[in-house]
There are 4 protein chains.
Amino acid sequence: MQTTRQWQIDAVGPERQLTIGERTLEPVSGNRVLVRTEAVSLNFRDRLVMESGMGLPLQFPFVPASDMAGVVEAVGPEVSRFKPGDRVISTFSPDWIDGRGLGDARTPPYKTRGGFYPGVLSQYTVLSEEWYSRAPDTLDAAQASTLPCAGLTAWFALIERGGLKAGDKVLVQGTGGVALFGLQIAKTHGAEVFITSGSAEKLERAVALGADHAINRHEGDWVEQLYQLTGGYGADHVLEIVGGPHLGQALKAVAINGRISVIGVFEGFEVSGPAGPLLLKAPVVQGISVGHRRALEDLVRAIDQTGLKPVIDKRYAFDKFPEALDHLYRGPFGKVVVEF
Amino acid sequence: MQTTRQWQIDAVGPERQLTIGERTLEPVSGNRVLVRTEAVSLNFRDRLVMESGMGLPLQFPFVPASDMAGVVEAVGPEVSRFKPGDRVISTFSPDWIDGRGLGDARTPPYKTRGGFYPGVLSQYTVLSEEWYSRAPDTLDAAQASTLPCAGLTAWFALIERGGLKAGDKVLVQGTGGVALFGLQIAKTHGAEVFITSGSAEKLERAVALGADHAINRHEGDWVEQLYQLTGGYGADHVLEIVGGPHLGQALKAVAINGRISVIGVFEGFEVSGPAGPLLLKAPVVQGISVGHRRALEDLVRAIDQTGLKPVIDKRYAFDKFPEALDHLYRGPFGKVVVEF
Amino acid sequence: MQTTRQWQIDAVGPERQLTIGERTLEPVSGNRVLVRTEAVSLNFRDRLVMESGMGLPLQFPFVPASDMAGVVEAVGPEVSRFKPGDRVISTFSPDWIDGRGLGDARTPPYKTRGGFYPGVLSQYTVLSEEWYSRAPDTLDAAQASTLPCAGLTAWFALIERGGLKAGDKVLVQGTGGVALFGLQIAKTHGAEVFITSGSAEKLERAVALGADHAINRHEGDWVEQLYQLTGGYGADHVLEIVGGPHLGQALKAVAINGRISVIGVFEGFEVSGPAGPLLLKAPVVQGISVGHRRALEDLVRAIDQTGLKPVIDKRYAFDKFPEALDHLYRGPFGKVVVEF
Amino acid sequence: MQTTRQWQIDAVGPERQLTIGERTLEPVSGNRVLVRTEAVSLNFRDRLVMESGMGLPLQFPFVPASDMAGVVEAVGPEVSRFKPGDRVISTFSPDWIDGRGLGDARTPPYKTRGGFYPGVLSQYTVLSEEWYSRAPDTLDAAQASTLPCAGLTAWFALIERGGLKAGDKVLVQGTGGVALFGLQIAKTHGAEVFITSGSAEKLERAVALGADHAINRHEGDWVEQLYQLTGGYGADHVLEIVGGPHLGQALKAVAINGRISVIGVFEGFEVSGPAGPLLLKAPVVQGISVGHRRALEDLVRAIDQTGLKPVIDKRYAFDKFPEALDHLYRGPFGKVVVEF
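Residues numbered from 1 in each chain as written. Chains lettered and ligands numbered in written order. Predicted model: local features only at pLDDT ≥ 70, side-chain atom pairs only at ≥ 80, totals over all residues. Heavy atoms only, no water.

### Things to note about the overall build of chain A
Inference 1: Within chain A one finds 10 helices and 16 strands.
Inference 2: For 340 residues, the compact-globule estimate of 2.2 N^0.38 gives 20 Å, and the C-alpha radius of gyration of chain A, at 20 Å, lies within 12% of that figure.
Inference 3: By its C-alpha atoms, chain A is 65 × 45 × 40 Å across when sized along the principal axes.
Inference 4: The buried share of chain A, reckoned over its 340 residues, is 63%.
Inference 5: Counting only contacts in chain A whose residues sit at least 6 apart along the sequence, the fraction spanning at least 24 positions is 69%.
Inference 6: Carbon together with sulfur atoms contributes 51% to the accessible area of chain A, which is approximately 11,700 Å² in total.
Inference 7: Computed over 34 positive and 39 negative side-chain charges, the inter-centroid distance for chain A is 2 Å. (Helix = DSSP H or I, 4+ residues; strand = E, 2+ residues; numbered from the N terminus. Rg over C-alpha atoms; globule rule 2.2 N^0.38 Å. Buried < 20%, exposed > 50% of the residue type's maximum accessible area, 1.4 Å probe, protein only. Contact = heavy atoms within 4.5 Å. Areas by Shrake-Rupley, 256 points an atom, 1.4 Å probe, with all protein chains shown as cover. Lys, Arg positive; Asp, Glu negative; His and termini not counted. Charge placed at Lys NZ, Arg CZ, Asp CG, Glu CD.)

Here it is as structure tokens:
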């Protein structure tokens, strides 16, 4: 019986203890695949889960993190999508394959990796083949591990839901993982990208990545800066990552019949804004809950075609997971990844 | 030179004086049509314009109201869409024919009838033929006059933007003009309609009009009632007419990947709500600024095909316009119309 | 070990022998459900499969037919969607749940019930719970059995792909199963329905079902009749069921930017038509390969909400399946069903 | 009174005489603008109009050609969209601004420049401001003149109707004007482009322009080559420019739920193909009749943002228009332009 080493917690809370544990793996039966983890990408949400549990029915010891890349080592007798040696990435909402989302009004979908389901900070996992997608050929494992949450969120907002096209104006807030994917995905579609940040140095790096316009939030109202840069036109797409009352700024920034994708909640769980621009400009405001597997497969295909390389701020060794977690709080430029 | 009698104000404000004035009509040249007004439908917005001006550059004496039905009496030499005797209705945003809306992010579209442009409470008007649509054959003038704002708003939300289909669950708030159009339009498409109100008597009338479920807001949380009526499913479409923090209730009520059309601002110009259901259920929240002429033509066609009859709470004679305005404040069941 | 009686063939061909055989059922393990068949609805395709095999790798003895309604009698330990006593209907493409279709350009999807997979003319079946949908509460078993192919095809064409709305003009060709579903579904959405047939008696019955206009194909060019009935407007949606060069007629009949759903191939497997109206009117021409399970669930919901009753031309007892098959060739008005 | 020199014909037919004539210009009144032509781009259709009239009610002397770029020299008193000195391009269907197309089923839209309306091979024109769009800042006049027909057709097919995204597989037939725009527009959106041609030299030039895969039609069935290059997946988008029975090849080539844009009729006005792949793969087949002005404005914006440069095979002086016309028959690589 094979075992696996894994990072785990025994309870949630600000004082939760991170330890490395060991677990016996399930048999590789039916449609299950045994995957050896090569890299795990961290998200801010991983901290929220460990610190608050986010109301999820976690089972302890709980393994954190939702996004990984690895290699198939063995497959069950009913597996048809993968074979040993295939490079794969995980899916965030394993049961959402395509089309309409799961859950209902009273009980929104919450069955995700590293939340309801155990996470991926484990050397090996044995799970249904349906829970994985093919990794891009053109990315290494660390890069590939950033796609299931951060990459797919930006793709789902701009492409699957947003139908972005060349010449569109895209406003991206900040330089975190989703924001930089938004910048890169928008550029591969020929869009014009406006990026906001409070850091001149980060803006410089964003411009080097392809941003057309850098807007420093410390140099006056960023919406007014956007108006001036666009002759009053505004942004066709806004990735609203700040949260809370900041939606009001997005409503001012958005173009006529534009689109605001609500993604982040850094500044509050109660979104608000003026009804005037919402009514008069008639934009679509849509929350983005990552996305389905079919869109992840589309993203993988786009990555291989365009050569887009995800931005990794720093790579940490497996044993350094706690340091990687700390990095999340310091506002990384792009992603933080743990390599195995 | 022909003249016309009209209701007018000489200044905006809570104490504005309503008077009947007289004006000389423009010549019926170029692509202009002379239309004799038969009925004008009132909207809550007409009061807002007269009382506050809503920031619009009104010209005085200002003629209020945006929605009318009438008969073409004469046409200019370049007119091709109408001939004398044709029954017509006005358009709310005369310059918006189809497709993308007008204006930009800094200056949202505001050039509407009875606002930036003079209103329609006048016995005659001489305007471009582009500013009118054919009236339905199956409605009288008073009924037809309710379509340009209230009817089109509900149609644009549910059909043009919403793609409503049979079996969908639609939640309508209240029993005002837009709400009852929402109810009726939803029923002509085979949807299941849930209507909320604080009045048992109005709910009874709504059920007589075809509502499947009546939810009394005074008998507990209406969202919980909706959950129970739908087994937790929620509403595919919510017509959010209340405004302000009430958007939060709509976010709780909406089904997975459903749609909230933000229409009304009765309870506040700052909309707000919890990010959780917005993110997890990923609904579309979209403001509705009435709609374009092509959709109005679609609505007219649908009215004639389905036999839908707009609900008029009371008809007032031209001289009784002030009483009709007062009626607006008492919460009419459907529309209030002035007949000429 | 439970057994089941079933209709079967041992080889395909015009002279294939229909016999009643008996088979041992699989165990009700895993996510399997045991369903007792109550009714099977026949499609023209069932004849094509039995007579030609349609190039499919059939396993003999082969059980024909794809559409059934029945009752769950037992469930495996992993089943979560159904319980004993639930009324269910089959799905035509069991592996297509939602979103993008399966297969690829070289190998289009062909894994359907009663084709690649065994059919349903069997007293009992033991299959994955994923292969069934809930039956409508408001239909009996025979009526419910008509939904998986005929009902869903019309729904997918007009609603899922077509976004039909009230006032739209829908042209339906003939009075077969899909055609009458098209008529009824269009009417529940407030559309205006034009139906063509060569039989005055069938047209009369179609009008009784709600068709707005009957067009007798023997009384002159039906496209010209449509032009006259619509003032030259044409049809927003055409259900093209005839096949072959008849697509040319559909291209003439379709309105600007309208939609032609190609469904039937009665008159030939090579479709053709003039490029002029295709280019100038820019309609969408789309083949319809039935539809996915999510849309079938939407249809079931719509049926229960609107009270739509499928049209069954005649019901046959299980033993009379050969007579039922013969009926298919005589051009039934609606569906032919075998009851168990 | 200002006059203009122009190319003209006095009758249609294979033997039509091309002459340079002179005409008095209309006054620059109302919403008219006087535009000095700088370049005119030719289309194959220009030959069809001159040789057959295409059934259009032409007025003689008839000025051919539909696509131009020029400079505004004077504006009428009601003009608001342009001022003297503005660089503009023409629109192909001047009355189609946005949304649904014009015309009806019986009388498809045909009121285009260089057809129903007089063409643009004239040194000056005086027309409504609504008939022009802003030219891109980043193109010279000859390049800009290629957008109204060839550029917009490819854009409308792939972007406005097609919603192309990065990673999509696009099959482009040949190396004419629309085909090369299709190639370039697809590449600016991150797509993978397959181009077919019978000329190894043209394929080489297409690869230099960015095509990912060159398929020589003389080296075996191009559909089979596409299958092999894509592992059987096929093409998400096919620009079907050949016409006639070639649609059948497009139907074989297209991916599941893909899109075939029917554009060209070089090999016949009767399109045809097998029903099998149309039904089983359920692609959208849509004719493309160039596009509306709003989409042309989107394309102009995209051109300026992405730096796309239209491919001009050869530029001819105004006096050399007959030589330019001859060039059209020799299969240009991209566009043929007349400069003033």
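Read on, since the account is not over.
### Considering the side chain of Thr4(C)
All names here are of chain C.
Inference 1: Secondary-structure assignment places Thr4 in strand 1 (residues 3–8).
Inference 2: Among the polar contacts made by the side chain of Thr4, one reaches the main-chain amide nitrogen of Gln123 at a distance of 3.1 Å.
Inference 3: Ignoring anything within four residues of it in the chain, the contact list for Thr4 reads Gly21, Glu22, Arg23, Leu25, Ser122, Gln123 and Tyr124. (Polar contact = N/O pair within 3.5 Å; in protein donor to acceptor, adjacent residues only side chain to side chain.)

### A closer look at the packing of helix 1 (residues 44–52) of chain B against helix 10 (residues 321–329) of chain B
All names here are of chain B.
Inference 1: One way to put it is that helix 1 packs onto helix 10 with a least axis distance of 9 Å and a crossing angle of 110°. With respect to each other, helix 1 and helix 10 are oriented roughly perpendicular. For the pair formed by helix 1 and helix 10, the contact residues are Phe44, Arg47, Met50 and Glu51 on the first element and Phe321, Leu325, Asp326, Leu328 and Tyr329 on the second.
Inference 2: By residue class, the composition of the contact of helix 1 with helix 10 is 6 nonpolar, no polar and 3 charged. (Axes fitted to C-alpha atoms, helices over the stretch in contact; angles between N-to-C directions. Parallel < 35°, antiparallel > 145°, perpendicular 65-115°, else oblique. Nonpolar A, V, L, I, M, F, W, Y, C, P; charged D, E, K, R; others polar.)

### With respect to the relation of the copies chain C and chain A
Applying a rotation about an axis and a shift along it to one chain copy brings it onto the other copy.
Inference 1: Take chain C, turn it by 180°, move it 0.0 Å along the axis, and it overlays chain A with an RMSD of 0.0 Å. The transformation just described matches what one would write down for a two-fold rotation axis. Across chain C, the rotation axis passes nearest the C-alpha of Gly99(C), at a separation of 2.2 Å.
Inference 2: Here 100% of the interface residues in chain C have copies in chain A that are interface residues too; the copies meet face to matching face. (Least-squares fit on C-alpha atoms with pLDDT ≥ 70 in both.)

### Comments concerning the sheet that holds strand 11 (residues 235–240) of chain C
Within a sheet, adjacent strands bond to each other through the backbone by hydrogen bonds, running parallel or antiparallel.
Inference 1: Pairing is mixed in the open sheet, where 12 strands are placed in the order 10(C)-9(C)-8(C)-11(C)-12(C)-14(C)-14(D)-12(D)-11(D)-8(D)-9(D)-10(D). The outermost strands of the open sheet, each flanked by one partner alone, are strand 10 (213–216) of chain C together with strand 10 (213–216) of chain D. Averaged over all pairs of adjacent strands, the angle between their axes in this sheet comes to 20°, without regard to strand direction.
Inference 2: Pairing of strand 9 (residues 192–197) of chain C with strand 10 of chain C involves 4 bridges; the strand directions are parallel. Across the sheet, residue Ser197(C) finds its bridge partner in strand 10 of chain C, namely Asn216(C). (Pairing = 2+ DSSP bridges.)

### Considering helix 9 (residues 293–306) of chain A
Inference 1: Here helix 9 of chain A contains 14 residues, and its C-alpha end-to-end distance of 20 Å stays within 8% of the 20 Å for a straight helix at 1.5 Å per residue.
Inference 2: Within helix 9 of chain A, 10 of the 14 residues are buried, which leaves the element mostly enclosed by the surrounding structure.
Inference 3: Among the residues of helix 9 of chain A, those classed as buried are Arg293(A), Arg294(A), Ala295(A), Leu296(A), Asp298(A), Leu299(A), Val300(A), Arg301(A), Ala302(A) and Ile303(A).
Inference 4: Summarising the contacts, the buried residues of helix 9 of chain A are in contact with strand 5 (87–90), strand 7 (132–134), helix 3 (147–160) and helix 4 (177–188) of chain A together with strand 8 (169–173) and strand 11 (235–240) of chain D.
Inference 5: Positive backbone phi, approximately 75°, marks Gly307(A), located one or two places after helix 9 of chain A. (Expected span 1.5 Å × (residues − 1).)

### A few points about the relation of the copies chain A and chain B
Inference 1: When chain A is fitted onto chain B, the two copies agree to an RMSD of 0.0 Å after a turn of 180° and an axial shift of 0.0 Å.
Inference 2: Looking at the interface residues of chain A, 100% of them are also at the interface in chain B, so both copies use one shared face.

### Here's the deal with the interface of chain C and chain A
Inference 1: Listed per partner, the contact involves 5 residues of chain C and 5 residues of chain A.
Inference 2: Approximately 460 Å² of surface area, both sides summed, lies buried where chain C meets chain A, with 35% of it carried by carbon and sulfur atoms.
Inference 3: Summed over the three residues of chain C that lose the most area to chain A, namely Asp98(C), Arg100(C) and Arg294(C), the buried surface amounts to 80% of that side.
Inference 4: At the junction of chain C and chain A, the tally comes to 2 salt bridges.
Inference 5: Between Asp298(A) and Arg100(C) there is a salt bridge, with its nearest N and O atoms 3.2 Å apart. (Buried area = accessible area lost by both parts, 1.4 Å probe. Salt bridge = Lys/Arg side-chain N within 4 Å of Asp/Glu carboxyl O.)

### Considerations on the environment of Pro118(A)
Residues and elements named next belong to chain A.
Inference 1: Among the secondary structure elements, Pro118 is positioned in the loop between strand 5 and strand 6 (124–128).
Inference 2: Taking C-alpha positions, Pro118 is 19 Å from Val71, a pair spaced 47 residues apart along the chain.
Inference 3: Apart from residues no more than four positions distant in its own chain, Pro118 is found in contact with Phe62, Val63 and Arg113.

### Re the packing of helix 3 (residues 147–160) of chain B against helix 9 (residues 293–306) of chain B
All names here are of chain B.
Inference 1: Contact geometry of helix 3 with helix 9 gives a least axis separation of 9 Å together with a crossing angle of 95°. Taken together, helix 3 and helix 9 sit at an angle that is classed as roughly perpendicular. Along the contact surface, helix 3 presents Leu147, Pro148, Gly151, Leu152, Trp155, Phe156 and Glu160, while helix 9 presents Arg294, Ala295, Leu296, Asp298, Leu299, Val300, Ala302 and Ile303.
Inference 2: By residue class, the composition of the contact of helix 3 with helix 9 is 11 nonpolar, 1 polar and 3 charged.

### Here's the deal with unusual backbone geometry
Inference 1: The residue after Phe60(A), namely Pro61(A), is reached through a cis peptide bond having omega -5°.
Inference 2: Inspection of the secondary structure assignment puts Pro61(A) in the loop between helix 1 (44–52) and strand 4 (67–75).
Inference 3: Phi angles above zero are rare outside glycine, and Met54(C) is one such case at about 50°.
Inference 4: Along the chain, Met54(C) turns up in the loop between helix 1 (44–52) and strand 4 (67–75).

### Quick word on the pattern of salt bridges
Inference 1: Per the stated rule, a full pass over the model turns up 94 salt bridges over all chains.
Inference 2: Its salt-bridge partner being Glu51(B), residue Arg47(B) comes within 3.0 Å of it at the nearest N-O pair. Here Arg47(B) pairs with Glu51(B), and both are found in helix 1, just 4 residues apart, close to one helical turn.
Inference 3: A salt bridge links Arg315(D) to Asp140(D), with the nearest nitrogen and oxygen atoms 3.1 Å apart. With Arg315(D) in strand 15 (residues 312–317) and Asp140(D) in the loop between strand 7 (132–134) and helix 2 (141–144), the pair connects residues that are 175 residues apart, well separated along the chain.
Inference 4: Connected via shared salt-bridge partners are Asp98(A), Glu160(A), Arg294(A), Asp298(A) and Arg100(C).

### Quick look at the interface of chain A and chain B
Inference 1: Chain A puts 47 residues into the contact, and the matching count from chain B is 47 residues.
Inference 2: Across the chain A to chain B interface the summed buried area is about 3,700 Å²; carbon plus sulfur atoms make up 57%.
Inference 3: Summed over the three residues of chain A that lose the most area to chain B, namely Ala105(A), Arg106(A) and Leu279(A), the buried surface amounts to 17% of that side.
Inference 4: Linking chain A with chain B are 2 salt bridges.
Inference 5: Note that Arg106(B) is salt-bridged to Glu224(A), the shortest N-O span being 3.1 Å.
Inference 6: On the surface where chain A and chain B come into contact, there are 19 residue pairs in polar contact (both at pLDDT 80 or more).

### Observations concerning the UniProt feature "domain: Enoyl reductase (ER)" (unreviewed entry) in chain A
Inference 1: The UniProt entry lists residues 13–338 of chain A under the feature "domain: Enoyl reductase (ER)" (unreviewed entry), expressed in the numbering used here.
Inference 2: Its end C-alpha atoms 22 Å apart, residues 13–338 of chain A is made of 29% helix and 27% strand. (UniProt positions renumbered as here; feature names shortened; annotations may be inferred.)

### Brief notes about the pairing of strand 6 (residues 124–128) of chain D
All names here are of chain D.
Inference 1: Counting buried residues along strand 6, 4 of its 5 residues qualify, which places the element largely inside the surrounding structure.
Inference 2: Examined bridge by bridge, strand 3 (residues 32–42) and strand 6 share 5 bridges and lie antiparallel to one another. Residue pairing for strand 6: Val35 is matched across the bridge by Thr125.

### Quick notes on the domain arrangement of chain A
Residue and element names in this part refer to chain A.
Inference 1: Domain annotation of chain A identifies domain 1 (3–149 + 292–301 + 309–339) and domain 2 (162–287).
Inference 2: Between the C-alpha centres of domain 1 and domain 2 the distance comes to 28 Å.
Inference 3: Taken together, the 13 residues of domain 1 in the interface contact 12 residues of domain 2.
Inference 4: If you look at where domain 1 meets domain 2, you find 1 salt bridge.
Inference 5: Grouping the amino acids of the side of domain 1 that touches domain 2 by side-chain chemistry returns 7 nonpolar, 3 polar and 3 charged. (Domains from an automatic or database assignment.)

### What to know about the packing of aromatic side chains
Residue and element names in this part refer to chain A.
Inference 1: Overall, the coordinates contain 32 aromatic pairs over all chains when judged by the stated rule.
Inference 2: When the centroid spacing of 6.2 Å and the interplanar angle of 55° are considered together, the rings of Trp7 and Phe318 count as tilted. With Trp7 in strand 1 (residues 3–8) and Phe318 in the loop between strand 15 (312–317) and helix 10 (321–329), this pair connects stretches of sequence that are 311 residues apart. The burial state of Trp7 is the same as that of Phe318; both residues are buried.
Inference 3: Relative to Phe156, the ring of Trp96 has its centre 5.7 Å away and its plane inclined at 65°; by these criteria the two rings are edge-to-face. A residue pair is termed long-range when its members are at least 10 positions apart, and Trp96 in the loop between strand 5 and strand 6 and Phe156 in helix 3 qualify at 60 residues. Note on accessibility: Trp96 and Phe156 belong to one class, buried. (Phe/Tyr/Trp six-rings, centres within 6.5 Å; stacked < 30°, edge-to-face > 60°.)

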